[in-house]
Amino acid sequence: MLKIMIVEDDLDLLHGLRFLLQAYHCKICPLTDADEILKTIGLLQPDLVLLDIKLEHGNGLDVCREIKNSYLKNTPVHIMSGLPDAEKKAYDAGADFFIAKPFESETLLAKIKSLENLSING
């Protein structure tokens, strides 16, 4: 079972992602605040972080940089955003993958399935 941390300030999207991924048999840690992720990620040690750029009390790009510059640097971080130029900024911050909003749930599930296959086979 994959542990996925979802950091999203849009509560409707956060709950939708939580419902979708729990149905896919993932353990979910939903957060809305940039401060919370840095306190929680070390304890949870998720298999994946789904991270929005615009967050309460911070910026997802800064959070991604902090993750990638820590002992958790191998944790995959997928940045989600509908902001212009977000994809380049996400990869510059160290993101492993970028998901443009709005997105189809099948796109997200396919990416998670590939991650799950890597963890099973790796």
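Residues numbered from 1 in each chain as written. Predicted model: local features only at pLDDT ≥ 70, side-chain atom pairs only at ≥ 80, totals over all residues. Heavy atoms only, no water.

K.L.:
Sorry, what's going on with the pattern of salt bridges here?
P.N.:
Oppositely charged side chains can form a pair if their charged atoms are brought close together. Applying the stated criterion across every chain, the model contains five salt bridges. Between D62 and R65 there is a salt bridge, with its nearest N and O atoms 3.0 Å apart. Of this pair, D62 and R65 both sit in helix α3 (residues 60–68), separated by three residues, roughly a single helical turn. Taking the relative accessible area as the measure of exposure, R65 reaches 35% and is therefore partly exposed. The closest approach of N and O atoms between K88 and D92, which form a salt bridge, is 2.8 Å. (Salt bridge = Lys/Arg side-chain N within 4 Å of Asp/Glu carboxyl O. Helix = DSSP H or I, 4+ residues; strand = E, 2+ residues; numbered from the N terminus. Buried < 20%, exposed > 50% of the residue type's maximum accessible area, 1.4 Å probe, protein only.)

K.L.:
When you look at the side chain of T75 in this model, what are you seeing that I'm missing?
P.N.:
As for its placement among the helices and strands, T75 is situated in the loop between α3 and β6 (77–81). Excluding residues that lie within four positions of it along the chain, T75 makes contacts with P46, V49, K68 and D96. (Contact = heavy atoms within 4.5 Å.)

K.L.:
Would you take a moment to explain the environment of A100 for this structure?
P.N.:
Here A100 lies in strand β7 (residues 97–100). A relative accessible area of 43% means that A100 is categorised as partly exposed. In this structure the C-alpha to C-alpha distance between A100 and A86, which are 14 residues apart in sequence, comes to 8.3 Å.

K.L.:
Help me understand the packing of helix α2 (residues 34–44) against α3, please; the structure alone is not making it clear to me.
P.N.:
What describes two packed helices is the angle between their axes and the distance between those same axes. At their nearest, the axes of α2 and α3 sit 10 Å apart, and the two run at 15° to each other. By the angle between their directions, the pair α2 and α3 is classed as roughly parallel. Here α2 and α3 pass one another in a crossing that is right-handed. From α2, A34, I37, L38 and I41 reach across to α3, where they touch V63, E66 and I67. Tallied by class, residues from the contact of α2 with α3 come to six nonpolar, no polar and one charged. (Axes fitted to C-alpha atoms, helices over the stretch in contact; angles between N-to-C directions. Parallel < 35°, antiparallel > 145°, perpendicular 65-115°, else oblique. Left-handed = near helix turned anticlockwise from the far one by under 90°. Nonpolar A, V, L, I, M, F, W, Y, C, P; charged D, E, K, R; others polar.)

K.L.:
How should I be thinking about the sheet that holds strand β2 (residues 27–31) in this particular structure?
P.N.:
Note: strands within a sheet are paired through backbone hydrogen bonds, in either parallel or antiparallel orientation. Taken together, five strands build an open sheet; the order of strands is β2-β1-β3-β6-β7 and the sheet is parallel. The sheet is open, and its two borders are formed by β2 and β7, each paired with just one other strand. On average, adjacent strands in this sheet sit at an angle of 20° to one another, irrespective of strand direction. Contacting β1 (3–7), β2, β3 (48–52) and β6, helix α1 (residues 11–23) runs over the sheet at an angle of about 175° to β2. Strand contacts of α3: β3 and β6, with the helix running at about 175° to β6, the strand carrying the most contacts. (Pairing = 2+ DSSP bridges.)

K.L.:
I tried to follow unusual backbone geometry on my own but got confused; where do I start?
P.N.:
Excluding glycine, residues mostly carry a negative phi; peptide bonds, for their part, are mostly trans. K101 connects to P102 through a cis peptide bond whose omega is -10°. Along the chain, the position of P102 falls in the loop between β7 and α5 (105–121). The phi angle at H25 is positive, at roughly 70°, despite the residue not being glycine. Structurally, the position occupied by H25 is in the loop between α1 and β2. Among the residues examined, H25 registers a relative accessible area of 59% and is labelled exposed. Although it is not a glycine, D85 adopts a positive phi angle of roughly 65°. Inspection of the secondary structure puts D85 in the loop between β6 and α4 (86–92). Taking relative accessible area as the criterion, D85 reaches 60% and is therefore assigned exposed.

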